[in-house]
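One letter stands for each residue in the lines below.
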Amino acid sequence: MTDPAAVPAERQGSDAARPGPPLWLLLELTYRCPLHCVFCYNPTDLSNVGRELETAEWLRVLAEARALGSVQLGLSGGEPLAREDLETIVAAAHRLGFYTNLITSGVGLTEARLAALQAAGLDHIQLSFQDSTRRMNDFLSSTRTFELKSRVAALIRKYRYPMVLNVVLHRLNIDHVEEILDMAERMGADYVELANTQYYGWAWRNRAQLLPSRAQLRRAEEATARFRERVGRRMRVFFVVPDYFEVRPKPCMSGLGRVFLGIAPDGVALPCQSARMLPGLDFPNVRAASIRSIWYDSPAFNRYRGEAWMKEPCRSCPERGRDFGGCRCQAYLLTGDAANADPVCALSPHHHLVTEAVAAAERQAGAPALAAPLAFRDYREVTRADSRADTLGRRPK
Ligand code: SF4
Ligand code: SF4
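Please read these numbers as outputs of a predicted model, since none were measured by experiment. Here the residue numbering is sequential within each chain, running from 1 through the sequence in written order. Chains and ligands are labelled sequentially in the order written, the chains with letters from A and the ligands with numbers from 1. The model is predicted, so local features are restricted to residues of pLDDT at least 70 and side-chain atom pairs to those at 80 or more, both for listing and for counting; the totals for chains, interfaces and linings are taken over all residues.

> Mind showing me how you'd approach helix H6 (residues 146-158) here?
Within an α-helix, residues lying three or four positions from one another point in the same direction, as the helix has 3.6 residues per turn. Helix and strand labels come from DSSP, where a helix needs a run of H or I of at least four residues and a strand needs a run of E of at least two; each type is numbered from the N terminus. For a helix, the expected span equals 1.5 Å multiplied by the residue count minus one. When the terminal C-alpha atoms of H6 are compared, their 19 Å separation across 13 residues agrees well with the 18 Å that a helix rising 1.5 Å per residue should span. Counting other C-beta atoms within 10 Å of each residue's C-beta, where C-beta atoms are placed from the backbone, gives the exposure class: buried for 20 or more, exposed for 12 or fewer, partly exposed between. Of all the residues in H6, the buried ones are Lys149, Val152, Ala153 and Ile156. Along the axis of H6, the buried residues cluster in a sector spanning 105 degrees; they form a single face. Opposite the packed face of H6, turned more than 90 degrees from it, sit the exposed residues Glu147 and Lys158. Buried residues along H6 sit in contact with strand S4 (124-129). Following H6 by one or two positions, Arg160 has its phi on the positive side, about 60 degrees. Note that the arc is defined by the directions from the helix axis to the C-beta atoms. Residues are defined as contacting one another if the C-beta atoms placed from their backbone atoms lie within 7 Å.

> Explain helix H7 (residues 177-186) to me, please; I cannot follow it from the model alone.
Taken together, the buried positions of H7 are occupied by Val177, Ile180, Leu181, Met183 and Ala184. One side of H7 carries all its buried residues, which in axial view fall inside an arc of 155 degrees. Among the structural elements, strand S5 (164-169), strand S6 (191-196), helix H10 (214-231) and strand S7 (236-240) are those in contact with the buried residues of H7. Gly188 sits one or two residues past H7 and shows a positive phi near 80 degrees.

> Is there a simple way to think about the site of ligand 1 in this case?
Here, nearness is defined through the C-beta atom: a residue counts as near a molecule or strand if that backbone-placed atom lies within 6 Å of it. Taken together, 13 residues lie around ligand 1, and Cys33, Leu35, Cys37, Cys40 and Ser105 are the ones closest in. Here the residues of the shell around ligand 1 sort into 4 nonpolar, 7 polar and 2 charged. Classes in brief: Ala, Val, Leu, Ile, Met, Phe, Trp, Tyr, Cys and Pro nonpolar; Asp, Glu, Lys and Arg charged; the others, Gly included, polar.

> What is the right way to read the nonpolar core from this model?
Across soluble globular proteins, nonpolar side chains show a tendency to be buried alongside one another. Counting 105 residues, the largest nonpolar core has Phe39, Leu165, Cys272 and Cys329 as its most contacted members. Filtering out sequence-adjacent residues up to four positions away, Phe39 remains in contact with Val168, His170, Thr197, Trp202, Ala203, Asn206 and Leu210. Core membership is restricted to buried Ala, Val, Leu, Ile, Met, Phe, Trp, Tyr and Cys residues, and these are joined into a nonpolar core through C-beta atoms within 7 Å.

> What exactly am I supposed to notice about the site of ligand 2 here?
In the vicinity of ligand 2 lie 14 residues, with Cys314, Cys317, Glu319, Arg320 and Cys345 positioned nearest. Here the residues of the shell around ligand 2 are counted per class, giving 7 nonpolar, 2 polar and 5 charged.

> Is there a simple way to explain unusual backbone geometry in this structure?
Residues other than glycine predominantly adopt negative phi, and peptide bonds predominantly adopt the trans conformation. Of note, the bond from Gly77 into Gly78 is cis; its omega dihedral lies within 30 degrees of zero at 15 degrees. When you line up the elements, Gly78 lands in the loop between strand S2 (72-76) and helix H3 (86-96). The omega angle of the peptide bond from Glu312 to Pro313 is 10 degrees, so this bond is cis rather than trans. In this fold, Pro313 is placed in the loop between helix H12 (299-302) and helix H13 (320-323). Phi at Met253 takes a positive value of approximately 55 degrees, unusual for a residue other than glycine. Looking at the secondary structure, you find Met253 in the loop between S7 and strand S8 (260-263).

> How do you make sense of the pairing of strand S1 (residues 24-28) when you look at a structure like this?
One face of the sheet, then the other: side chains in a regular strand alternate in exactly this way. Of all the 5 residues making up S1, 4 are buried; the element is thus mostly covered by neighbouring parts of the structure. At least two DSSP bridges between two strands are needed for those strands to be called paired. In this sheet, S2 lies alongside S1 in parallel orientation, the contact comprising 5 bridges. Counted as the bridge partner of Glu28 is Ser76 from S2. Seen with its strands pointing away from the viewer, a crossover is right-handed if its path from the first strand over the helix to the second goes clockwise. The handedness of the S1 to S2 crossover, carried by helix H2 (residues 55-68), is right-handed.

> Is there a simple way to explain the environment of Thr145 in this structure?
Residue placement: Thr145 occurs in the loop between helix H5 (134-141) and H6. The class of Thr145 is buried, set by 21 C-beta atoms lying within 10 Å. Taking the C-alpha atoms as reference, Thr145 lies 8.6 Å from Leu35; in sequence the two are 110 residues apart. For Thr145, the contacting residues outside a window of four places in its chain are Leu35, Ser105, Val107, Asn137 and Asp138.

> Looking at this structure, how should I read the environment of Gly326?
Tracing the chain through its elements places Gly326 in the loop between H13 and helix H14 (328-335). Placed 241 residues apart in sequence, Gly326 and Asp85 show a C-alpha to C-alpha distance of 36 Å.

> Even after reading the chapter, I still don't get the packing of H3 against helix H4 (residues 111-120), so can you show me in this structure?
Geometry of a packed helix pair, given as the angle between the helix axes and the separation of the axes. Note on geometry: axes are C-alpha line fits, over the in-contact stretch for helices, and angles between N-to-C directions span 0 to 180 degrees. For the pair H3 and H4, interaxial distance at closest approach is 8 Å and the crossing angle is 20 degrees. As the angle between them shows, H3 and H4 are arranged roughly parallel. Crossing of H3 over H4 shows right-handed handedness. Across the interface between the two elements, Glu87, Val90, Ala91 and His94 from H3 touch Ala116, Leu117 and Ala120 from H4. Convention used here: angles under 35 degrees read as roughly parallel, angles over 145 as roughly antiparallel, angles from 65 to 115 as roughly perpendicular, and any remaining angle as oblique. Crossing chirality is assigned from the near helix's rotation relative to the far helix, an anticlockwise turn below a right angle marking it left-handed and a clockwise turn marking it right-handed.

> Teacher, can you tell me more about the pairing of S5 here?
Burial within S5 is extensive, with 5 of its 6 residues counted as buried. Here S4 runs beside S5; their pairing, made up of 4 bridges, is parallel. Paired with Ser128 across the two strands is Asn166, which belongs to S5. Here S5 pairs with S6 via 6 bridges, running parallel. Within the sheet, the bridge partner assigned to Val164 lies in S6 and is Tyr191. Between the parallel pair S5 and S6, the chain is carried across by H7, and the sense of this crossover is right-handed.

Structure follows, in structure tokens:
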């Protein structure tokens, strides 16, 4: 079979023929982070990650991406506030006309830095919490940060930013949705994203301990519906359903290489933050190539554009233009082949891998203790061999 990477873009389907610009640019400025979240989506292995880009290199990335048509800029990590040049990067992005969004744990967001970031032109801040209780928040991040986050939330309001909270949901906190929403209301939140865990990175390692049961999920959805009814339009609540409980996959990144461009701390360009795990792809680095050539010409970005790479059942499926076969990383993690249909899809011959994981979660949900210890994000304990095991399609322990 022809290697899709070798197929010229113009022969890979209408969307591949002329991809639009990377409208959505995400700079993962650093993988450094003072927290140790059990669901962190960062890689579990940093042994092949190079040194972080210098300020001037980030500024060049911004200018080139903006010239190509990028408009929305996310600044994340790790913890982006760990970069002392964050204000410089925000100011440059603002001058170029980006809409800038800081995605932060709050650690390091002092009033002085917030004032400086606002002066630099920062448009938007998304603050993460782990739970509504200090005990669980601090346990899940293995830090004492609950009070700090609460203070940062007050600062965000003081500086008249919209209050946007993000809470990642999983078996250990999903029963607290009502309390989480009450906390958000007390803090004066405008938007709350209840994002069920996506199983990549550290969350993949902890999947058996983090997957909720269907009953938990239903209760959380009911609590969210009651809250929405009570507060009306005063506060918007997004409830992102965990795709393991669906029968069709999400249109991951709106299709790889269509709108999203991520830059890892060491300059590796990615069509999705997790894509670095995909085998056989030589992701280009902004140190060696322009954003234009990376986006339009690199084999890694063209690999999963269009439909030529698809296998059955996606290849002949009438829904392939809606979901693009789902998530390549999930297909790889679960089946060992990134070109397979995302096993979340009930039409996939591998769908049983998802339903079995959910069934195991059902059995575990009522158990008094976790089936196994949680792995907290901590790069000191990770070896390269551990990480390879994570990405070979084996079940996480
Ligand atoms: S998920 Fe937690 S550990 Fe990972 S980058 Fe975000 S705050 Fe840091
Ligand atoms: S078979 Fe493939 S294209 Fe069709 S719905 Fe499932 S994942 Fe989507």
